[in-house]
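Below, each chain spelled out in residue letters.
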Amino acid sequence: NAGVTQTPKFQVLKTGQSMTLQCAQDMNHEYMSWYRQDPGMGLRLIHYSVGAGITDQGEVPNGYNVSRSTTEDFPLRLLSAAPSQTSVYFCASSYGGLATDTQYFGPGTRLTVL
Amino acid sequence: GENVEQHPSTLSVQEGDSAVIKCTYSDSASNYFPWYKQELGKRPQLIIDIRSNVGEKKDQRIAVTLNKTAKHFSLHITETQPEDSAVYFCAASTLEYGNKLVFGAGTILRVKS
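Every value quoted in this text rests on a predicted model; they were computed, and no experiment measured them. (Residues numbered from 1 in each chain as written. Chains lettered and ligands numbered in written order. Predicted model: local features only at pLDDT ≥ 70, side-chain atom pairs only at ≥ 80, totals over all residues. Heavy atoms only, no water.)

Novice: What am I meant to see in the pattern of salt bridges here?
Specialist: Two side chains that carry opposite charge are able to pair once their charged atoms sit near each other. Under the counting rule described, the total for this entry stands at five salt bridges over all chains. The partner of Arg61(B) in a salt bridge is Asp84(B), with the nearest N and O atoms 2.9 Å apart. Of this pair, Arg61(B) sits in the loop between β6 (56–59) and β7 (62–67) while Asp84(B) is found in the loop between β8 (72–77) and β9 (86–94), placing the two residues 23 residues apart along the sequence. Look at Asp84(B) and you get buried, because its relative accessible area is 7%. Taken together, the shared-partner salt bridges connect Arg36(A), Asp38(A) and Arg44(A) into one network. (Salt bridge = Lys/Arg side-chain N within 4 Å of Asp/Glu carboxyl O. Helix = DSSP H or I, 4+ residues; strand = E, 2+ residues; numbered from the N terminus. Buried < 20%, exposed > 50% of the residue type's maximum accessible area, 1.4 Å probe, protein only.)

Novice: I keep staring at the packing of aromatic side chains and nothing clicks. Help me out?
Specialist: By the definition in use, this model includes ten aromatic pairs over all chains. Ring geometry for Tyr35(A) against Phe103(B): centres 5.6 Å apart, planes inclined by 85°, an arrangement best described as edge-to-face. Taken together, the residues Tyr35(A) in strand β4 (residues 31–37) and Phe103(B) in strand β10 (residues 100–103) connect one chain to another. Residue classification places Tyr35(A) among the buried residues on the basis of a relative accessible area of 1%. Geometrically, the ring pair formed by Phe105(A) and Tyr36(B) is edge-to-face, given 5.6 Å between the ring centres and 90° between the ring planes. With Phe105(A) in strand β10 (residues 104–105) and Tyr36(B) in strand β4 (residues 32–38), this residue pair bridges two chains. Just as Phe105(A) is buried, Tyr36(B) falls in that class too. Joined through ring pairs, the aromatic side chains of Tyr35(A), Phe90(A), Phe105(A), Tyr36(B) and Phe103(B) make up one cluster. The side chain of Arg68(A) reaches across the aromatic face of Phe74(A), ending 6.0 Å from its centre. (Phe/Tyr/Trp six-rings, centres within 6.5 Å; stacked < 30°, edge-to-face > 60°. Lys NZ or Arg CZ within 6 Å of the ring centre and 35° of its normal.)

Novice: Please clarify how the interface of chain A and chain B should be interpreted in this entry.
Specialist: Interface size is commonly expressed as the accessible area that is lost once the parts come together. Taken together, the contact between chain A and chain B spans 22 residues of the former and 18 residues of the latter. Broken down residue by residue, the surface that chain A buries against chain B is led by Leu43(A), Ala99(A) and Phe105(A), which jointly contribute 30%. Counting across the interface, chain A meets chain B through zero salt bridges. For the pair chain A and chain B, the interface holds five residue pairs in polar contact (both at pLDDT 80 or more). Among the secondary structure elements, those contributing two or more residues to the side of chain A that touches chain B are β4 and β5 (43–51) of chain A. For the side of chain A that touches chain B, the element with the most residues is β5(A), which contributes three residues. (Contact = heavy atoms within 4.5 Å. Buried area = accessible area lost by both parts, 1.4 Å probe. Polar contact = N/O pair within 3.5 Å; in protein donor to acceptor, adjacent residues only side chain to side chain.)

Okay, here's the thing in structure tokens:
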């Protein structure tokens with residue numbers, strides 16, 4: 001099992017550009033989520049999904065879109081990148097709920113917006 | 001909404017000593033409290049968790065205690081080793097945004113050999 005995979009590992013964008021961060025898992029987990037990690041702020045939930053076709057907002061959703069067309073994939077789209085979106089992004093999946101079960105994190109994507 | 005505070009932000013200990021990291025939370029309905037370890041440049045990984053019906057849980061050199069009345073929980077690492085050096089995050093469940101986790105800001109633990 002590859003677990004949770006993310007691409008790319010690093011990305012540099014200019015303000016206003018758009019891009020998609022890819023996330024995939026091969027553990028047949030229903031629950032998937034996206035977090036951002038900023039220094040001194042821990043991990044903050046951006047969006048999450050409780051199954052294919054179902055997504056919802058987390059704590060910091062503005063400027064991001066998600067979709068879940070399959071159980072395996074959960075891409076995160078930045079619509080118009082801003083310097084405030086410079087961060088490390090982690091995708092996670094779990095068998096049970098986001099707040100009841102072990103979260104398995106991907107390796108992360110380090111994004112810089114100039 | 002739920003607020004999770006974590007202390008200290010950095011902790012340096014001598015190899016073999018114990019380390020304690022404390023977290024407080026605000027949502028009295030919180031019932032799940034995991035701890036994640038993140039080594040430099042790596043992904044966070046669960047090291048131990050505790051649920052509200054238990055006061056203490058131990059796994060080899062790692063233990064977590066929970067005081068629901070005072071709304072705080074702590075991670076205890078005994079006989080620290082250099083490989084324990086990492087950032088540790090506590091988290092608490094909350095019904096805000098659905099049933100989700102809110103993470104503390106993290107503690108950088110340095111074990112000096």
